[in-house]
There are 2 protein chains.
Amino acid sequence: MAKSIKEIAQELNVSKSTVSLVINHKAEQARISKELENRVLAYVEKVGYKPNALAKSLATGRSNTIGLIVENIGDSFFGPFALYVEELFRKKNYHVLYSSTLGDSQNARDIIDSMLEKKVEGILLAPTVDLEEYQRKILEYGVPLVVFDRNSPAVETHYVHIDNGDSSRKACEHLKSIGCRNFGLVTIDSDQPQMLARKNAYLGFCEENDMEPRLLHLPYQQLKQKGTQLLRKWAAENPALDGLFFTTNYLCILGLKALRSEGEHTFDFPMFSFDDHELFDILNPKISCIQQPLESLAKTCVKVLLKEIDQGISQPKEHIISTKLIAR
Amino acid sequence: MAKSIKEIAQELNVSKSTVSLVINHKAEQARISKELENRVLAYVEKVGYKPNALAKSLATGRSNTIGLIVENIGDSFFGPFALYVEELFRKKNYHVLYSSTLGDSQNARDIIDSMLEKKVEGILLAPTVDLEEYQRKILEYGVPLVVFDRNSPAVETHYVHIDNGDSSRKACEHLKSIGCRNFGLVTIDSDQPQMLARKNAYLGFCEENDMEPRLLHLPYQQLKQKGTQLLRKWAAENPALDGLFFTTNYLCILGLKALRSEGEHTFDFPMFSFDDHELFDILNPKISCIQQPLESLAKTCVKVLLKEIDQGISQPKEHIISTKLIAR
DNA sequence: TATCTTTACTAATACGTTTTAGTAGAAATA
DNA sequence: TATTTCTACTAAAACGTATTAGTAAAGATA
């Protein structure tokens, strides 16, 4: 169905080169006569010629594609983030190949391999744990890499993120300021660096304020199955709790569902979320949170990656985006 | 950095064909000796050979990529849907190239063009309005197409969807059953067929039940800027309202924010949403809804598209997925 | 009129694969 | 020993594009 340059050339009795040059607006510099140029243009238009991007990329070495690797394209942090990224790249004529790791490192490795094979021109990555080797591999292949949201300090790459420790401390201080004297922290059991940073800031806060730390680590791989139950049990066993700090919004949502549902025993102390959610401001009571500025996060990621692509891989740098505490 | 088959062949003093055959596990059928096969395999492993997927696709005519075109990858319907789709295709060794149209037909056309150029093997599309011509174009290019969520009856393609009219009627009956006698419908002003079907079912219900229709069409392109205000004004002008039916969840969220916020005038009649949302069951009062079974929707889409890819384009068919009314 | 320029193109090569037809040498057959 | 059949490979063409070096014909120069 789709005609190739070769066929078009034959049908017009000209060479492939001529057709290619005309199509790529190089007719003038190749001294193709206006008359022939127009003839080719008209024919190309008439048959609805569509270049084969694969062949084009093979010949030019440019795929005009970048890879975006997130944890879960369906969640309320990465989804909207991905939309910003997609739009920003579209403006620069790049397409985005996404994939979700679901936190599984083997998935992540497979995804990276296939993206390298597809010759993406750059990768934007929210890494899983144990991905250091592959991050190096990407760079060794000469593909620009920008890591965001979380990072392992061991690998030297451009890294765009918020200040987790600082933000977490602000959250603790907020809870204190509204009267919580015994609030606990709910996090996951996996070693994601951003989660560790948030936890450690809480622990530091406890130490300085003579508050006994109350920690719950929920099983990341089995949140849906066990989360609710574990959380309810833990809350019941800790009657002194007068507030909860969740290290991410999906945990907070889980918490809301587990602790505020039905009539039974409800826990109506303040809950605070790291990461906002579109419905947090109409819940009752409302949920305060640390808000990651998705748009500027995306803008920075895209800007840094485009620069690496255009000007070659440069000295790795940290890019810190500041957060906002939304008190509701 | 990355070695090609050609280089590997030279370094081993064998032909490119040999290397290619070995890599593709065709050594035996090509009578390559075990000894040579192992030598090649070992070397390939040692240098970390990674095939160039572009070249491969060009040669084989298979890109192992499918295109997914949604309205907004960041929203709570398409995001989770995309995750299912991605996972299902990954199992079959396909990768997914997503893009968001944001409801803009020109965006949609550009996206389709570039996907065709990238030689996707199939397209899964939630169309915008005015996309009939391009849907035909896809098929003329010989690329299998499955349309979901909404469709224009004019184009004959495989179409996976829920029964919007029927579901909408169920919603109306539910509202009636809980005592609403004067509920209104909030929808958007664009002509998306699924929205029209939902609206028409409401109008039919009104007629049969001698209920005066109360309709609000919010401007799709300027929801964020004007939606809240328009909705508040309309609600205030219609004091008889005793319930609201929103034709999609983002409208319902907008409604919740506009009508239940702050102390001022609050409207505490029932609100009903077409499409569920992860927080609807902890709001107070809870939000009942029509739930589209995302997973089976995704499964059907993927199954139908894979069949088209494997067995060739077939007679278009409608595939209807049933919804669930979640009364809360 | 012999040489140099310019004009308007085209031939050839390359990108990195896959695939099919072909081939030299060894072994088997007659 | 001449022919056939295997064995173990390789050469060549193809996919659809971009690019560079080359060329024939016409015009300008001396």
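Residues numbered from 1 in each chain as written. Chains lettered and ligands numbered in written order. Predicted model: local features only at pLDDT ≥ 70, side-chain atom pairs only at ≥ 80, totals over all residues. Heavy atoms only, no water.

(A) Highlighting the domain arrangement of chain A. Taken domain by domain, chain A comprises domain 1 (5–51), domain 2 (62–161 + 295–321) and domain 3 (164–291). Centre-to-centre separation of domain 1 of chain A and domain 2 of chain A, based on C-alpha positions: 38 Å. (Domains from an automatic or database assignment.)

(B) Focus on the protein's contact with DNA strand D. If you check the shell around DNA strand D, you find 27 residues, and the closest are Ile5(A), Ser20(A), Lys26(A), Tyr49(A) and Thr18(B). In the interface set of DNA strand D, defined as its atoms within 4 Å of the protein, sugar plus phosphate atoms amount to 64%. Backbone polar atom of Ile5(A) to a phosphate oxygen of DNA strand D: 2.7 Å apart, as the coordinates give it. The backbone of Ser33(B) places a nitrogen or oxygen atom 2.7 Å from a phosphate oxygen of DNA strand D. (Near = heavy atom within 4 Å. Polar contact = N/O pair within 3.5 Å; in protein donor to acceptor, adjacent residues only side chain to side chain.)

(C) Spatial organisation of the interface of chain A and chain B. Between chain A and chain B, the contact holds 54 residues from the first and 54 residues from the second. Together chain A and chain B conceal approximately 4,800 Å² of surface at their shared face, both sides included; 63% is due to carbon and sulfur atoms. Counting across the interface, chain A meets chain B through 4 salt bridges. The partner of Asp113(B) in a salt bridge is Lys50(A), and the shortest N-O contact between them spans 2.5 Å. Taken together, chain A and chain B are joined by 22 residue pairs in polar contact (both at pLDDT 80 or more). (Contact = heavy atoms within 4.5 Å. Buried area = accessible area lost by both parts, 1.4 Å probe. Salt bridge = Lys/Arg side-chain N within 4 Å of Asp/Glu carboxyl O.)

(D) Summary view of the sheet that holds strand β3 (residues 123–125) of chain A. Residue and element names in this part refer to chain A. With parallel pairing, the 6 strands of this open sheet are ordered in space as β2-β1-β3-β4-β5-β11. The strands lining the two open edges of the sheet, one partner per strand, are β2 (95–100) and β11 (318–321). Each neighbouring strand pair of the sheet contributes to a mean axis angle of 20 degrees, computed without reference to strand direction. (Pairing = 2+ DSSP bridges. Helix = DSSP H or I, 4+ residues; strand = E, 2+ residues; numbered from the N terminus. Axes fitted to C-alpha atoms, helices over the stretch in contact; angles between N-to-C directions.)

(E) Spotlight on the packing of aromatic side chains. Under the defined criterion, the tally for this structure stands at 17 aromatic pairs over all chains. Relative to Tyr98(B), the ring of Tyr98(A) has its centre 4.6 Å away and its plane inclined at 75 degrees; by these criteria the two rings are edge-to-face. One end of the pair, Tyr98(A), is in strand β2; the other, Tyr98(B), is in strand β2 (residues 95–100), on a second chain. Summarising the aromatic geometry, the rings of Phe245(A) and Phe272(A) are spaced 5.6 Å apart at their centres and angled 85 degrees between planes, so their arrangement reads as edge-to-face. Of the two residues, Phe245(A) is situated in strand β8 (residues 244–246) and Phe272(A) in strand β9 (residues 271–274); the sequence distance between them amounts to 27 residues. Of the two residues, Phe245(A) and Phe272(A), both sit in the buried class. Cluster of aromatic residues (ring-pair linked, three or more members): Phe77(A), Phe78(A), Phe81(A) and Phe148(A). Over the ring of Phe274(B) we find Arg198(B); its NZ or CZ atom is 3.7 Å from the centre of that ring. (Phe/Tyr/Trp six-rings, centres within 6.5 Å; stacked < 30°, edge-to-face > 60°. Buried < 20%, exposed > 50% of the residue type's maximum accessible area, 1.4 Å probe, protein only. Lys NZ or Arg CZ within 6 Å of the ring centre and 35° of its normal.)

(F) Representation of the relation of the copies chain A and chain B within the structure. For the pair chain A and chain B, the best superposition has an RMSD of 0.1 Å and corresponds to a rotation of 180 degrees with a translation of 0.0 Å parallel to the axis. Accordingly, the operation relating the two chain copies is best matched by a two-fold axis. Same-surface contact between copies: 100% of interface residues of chain A are shared with the interface of chain B. (Least-squares fit on C-alpha atoms with pLDDT ≥ 70 in both.)

(G) The arrangement of the protein's contact with DNA strand C in detail. Around DNA strand C, the surrounding shell holds 27 residues, and the nearest of these are Thr18(A), Arg31(A), Ser33(A), Ser20(B) and Lys26(B). At the protein interface, 62% of the atoms of DNA strand C within 4 Å belong to sugar or phosphate. A distance of 3.1 Å is found between a phosphate oxygen of DNA strand C and a side-chain nitrogen or oxygen belonging to Ser15(A). Contact distances for DNA strand C include 2.8 Å between a base nitrogen and a side-chain N or O atom of Ser17(A). Broken down by element, the surface near DNA strand C gets its largest block of residues, 4 residues, from helix α4 (residues 53–60) of chain B. Here the surface near DNA strand C is built from residues that sort into 11 nonpolar, 10 polar and 6 charged. (Nonpolar A, V, L, I, M, F, W, Y, C, P; charged D, E, K, R; others polar.)

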